[in-house]
Amino acid sequence: MDKKDIKRSKFLSMVLRHLPESVGLTLDQNGWIDVRKLLSACAKKGVIISPECLERIVETNDKKRFAFNEDRTKIRASQGHSVSVDLLLKPTAPPEYLYHGTAMHFLSSIQNRGLVKGRRQHVHLSHDVVTAIQVGRRHGDPVVLKVLAKDMMDNGYLFYVSDNGVWLTDHVPSVYLVQEDRKGTHSDR
Ligand code: HQG
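Novice: Would you mind going over the pairing of strand 3 (residues 74–77) with me for this structure?
Specialist: A regular strand places its side chains on the two faces of the sheet in alternate fashion. The sheet contact formed by strand 1 (residues 33–34) and strand 3 spans two bridges and is antiparallel. Looking at the pairing, Asp 34 lines up with Lys 74 of strand 3. By the bridge criterion, three bridges tie strand 2 (residues 66–68) to strand 3 in an arrangement that is antiparallel. By the bridge assignment for strand 3, Ala 67 is matched with Arg 76. The loop that links strand 2 with its antiparallel partner strand 3 comprises five residues; one of these, Arg 72, has a positive phi angle of about 60 degrees.

In structure tokens:
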């Protein structure tokens, strides 16, 4: 994806996850927006995206952040919303462990409160350590927390997986978190 498409993709993330009203639109209850309305609203804000360009962004996006509906008349972000939407995801059994990347300076608060969703609709988890490190690095010196996902499920916590493979849950109490060391193996709790 070239730099111009990355910029357009970031703009679309902002609109489709957080601030549809910034281009004068609202998402429907399941997060969808009409493609033609979206492109014309973006153009009015000076962000020119042709239908072909949108197809390219959806197809080549590194995390497959966006998805079309079946007849490709609507589009939505697959996860990451702060706007309240119901993606109609079904509870799904997670693997034994999932991972969350964060930054060192958040650790003491996470130890106190567990992983909280903050402004987003869910806590975001990945099935691999490498992704977690990349996510953590966005916030500072990265740290990976292993989430005892199966134990959580056995104790009644629900997990969902988005269309683009991100694992989601509401809250992870710190008792289910184990800090990984820098080589990706766990250290003592
Ligand atoms: C931290 C990206 C203090 C949490 C990624 C994180 C992801 C706490 C930050 C998606 C805390 C929130 C989401 C607590 C959690 N005290 N800090 N109790 N509990 N935190 O950006 O998970 O590239 O809202 O560890 O791939 O970093 O945008 O969430 O550091 O899937 O598609 O609070 O965004 O996807 O930060 O990232 P964020 P995130 P995209």
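Following the structure, the description resumes.
Novice: Is there a simple way to explain the site of the ligand in this structure?
Specialist: The environment of the ligand is formed by 18 residues, the closest being Lys 63, His 100, Thr 102, Ser 109 and His 139. A distance of 2.6 Å is found between an oxygen atom of the ligand and a side-chain nitrogen or oxygen belonging to His 100. At the level of secondary structure, the elements contributing two or more residues to the shell around the ligand comprise strand 4 (98–103) and helix 4 (107–113). Of all the elements, helix 4 adds the most residues to the shell around the ligand, at three residues. Of the residues in the shell around the ligand, the class split is five nonpolar, seven polar and six charged.

Each value, and the rule that gives it
Residues numbered from 1 in each chain as written. Predicted model: local features only at pLDDT ≥ 70, side-chain atom pairs only at ≥ 80, totals over all residues. Heavy atoms only, no water. Pairing = 2+ DSSP bridges. Helix = DSSP H or I, 4+ residues; strand = E, 2+ residues; numbered from the N terminus. Near = heavy atom within 4 Å. Polar contact = N/O pair within 3.5 Å; in protein donor to acceptor, adjacent residues only side chain to side chain. Nonpolar A, V, L, I, M, F, W, Y, C, P; charged D, E, K, R; others polar.

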